[in-house]
Amino acid sequence: LMTTVGSQDTTGPMTRDELKDLACLGFGADLVYPANASGFAGFRSLRLRYLRVAVGTSKGWHDDMHALRAVTEPLGIEWVMTMWSAKKGAAGVDAHNRLTAAGVEIFATYWLELVTGMCATGICPHHLDLMNEPDSAGAWSLGIAPPIYNRLVKVVRKKLDDAGLRNISVTGPGLAFLDSSGGNTKYLDAMDSEALAALGAFSSHAWDDGAYCHGGA
């Protein structure tokens, strides 16, 4: 995870190449789905700054989240909420598990309701990674095409702002590969100025084994 704190030449926002270069420094967020607080002992020694936390549906999920917050808050660890996929047959999702243009409003509203509910119980997330690896084309997560992702970021940001949740940032796109598939280029190029302004931080996974960072193609 990296924040868009400004270009290296200090004249404007970070360029696409600067963002990808910074990704190679290894900023990241570990994934956790806690079962009980006894599994959190290693957080202090790891000196984590961010923790990627998956949205859950189990009966004890909220209790797990409160147990997790009790450990991460004193350590200053910020949560990056994400989800693996949408429910099968969810409104706005096509037969190939891809978000449709008509589904953007529905999906954004789902995120708002989830975050509002968490904040009401004292476990506000700090950041939202709207979908784990949206470049999956629906194969293993909810596929969100670049133009639709561009709109989704803006809609979610507006809903958060209107609800008084301006302190919660939207991160992304959180793709499966850092560079080898050209995915980040496609997603960043599809984002207009409003979407880029709405994106609080750039995020990506690196299942391409760091080829970009080590001089590979």
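Relevant structure appears above.
Residues numbered from 1 in each chain as written. Predicted model: local features only at pLDDT ≥ 70, side-chain atom pairs only at ≥ 80, totals over all residues. Heavy atoms only, no water.

## Considering the overall build of the protein
For step 1, the next point in the chain: Of the regular secondary structure elements, the protein holds seven helices and seven strands.
For step 2, the next point in the chain: For the protein, the α and β elements follow one another from N to C terminus as β-α-β-α-β-α-β-α-β-α-β-α-α-β.
For step 3, the next point in the chain: When each of the 217 residues of the protein is scored for burial, the buried share is 46%.
For step 4, the next point in the chain: Contacts spanning at least 24 positions in sequence make up 72% of the contacts within the protein whose residues lie at least 6 apart. (Helix = DSSP H or I, 4+ residues; strand = E, 2+ residues; numbered from the N terminus. Buried < 20%, exposed > 50% of the residue type's maximum accessible area, 1.4 Å probe, protein only. Contact = heavy atoms within 4.5 Å.)

## Regarding the pattern of salt bridges
For step 1, the next point in the chain: Per the counting criterion, the structure on display carries five salt bridges.
For step 2, the next point in the chain: Note that Asp-94 is salt-bridged to Arg-98, the shortest N-O span being 3.2 Å.
For step 3, the next point in the chain: Of the residues examined, Asp-94 reaches a relative accessible area of 27% and is grouped as partly exposed.
For step 4, the next point in the chain: Taking relative accessible area as the criterion, Arg-98 reaches 35% and is therefore assigned partly exposed.
For step 5, the next point in the chain: The partner of Asp-192 in a salt bridge is Lys-154, with the nearest N and O atoms 2.7 Å apart. (Salt bridge = Lys/Arg side-chain N within 4 Å of Asp/Glu carboxyl O.)

## A short note on the side chain of Lys-159
For step 1, the next point in the chain: Looking at where Lys-159 falls in the secondary structure, it is placed in helix H5 (residues 146-162).
For step 2, the next point in the chain: We classify Lys-159 as buried; its relative accessible area is 18%.

## Structural notes on H5
For step 1, the next point in the chain: Compared with an ideal rise of 1.5 Å per residue, which puts 17 residues at 24 Å, H5 spans 25 Å between its outermost C-alpha atoms and is within 8% of the ideal.
For step 2, the next point in the chain: The element H5 is largely enclosed, with a buried count of 12 among its 17 residues.
For step 3, the next point in the chain: Regarding H5, the residues found buried are Pro-146, Ile-148, Tyr-149, Asn-150, Leu-152, Val-153, Lys-154, Val-155, Val-156, Arg-157, Lys-159 and Leu-160. (Expected span 1.5 Å × (residues − 1).)

## Focus: unusual backbone geometry
For step 1, the next point in the chain: Residue Pro-173 is reached from Gly-172 by a cis peptide bond, and omega for that bond is 5 degrees.
For step 2, the next point in the chain: Of note, the phi angle at Asn-97 is positive, near 65 degrees, even though the residue is not glycine.
For step 3, the next point in the chain: Along the chain, Asn-97 turns up in the loop between strand S4 (78-82) and helix H4 (104-120).
For step 4, the next point in the chain: Within the chain, Glu-133 stands out as a residue other than glycine whose phi angle is a positive 50 degrees.
For step 5, the next point in the chain: By secondary structure assignment, the location of Glu-133 is in the loop between strand S5 (127-129) and H5.
For step 6, the next point in the chain: In this structure Glu-133 comes out as buried when scored by relative accessible area, which is 8%.

Read these as layout, nothing more, since geometry by itself doesn't imply function.
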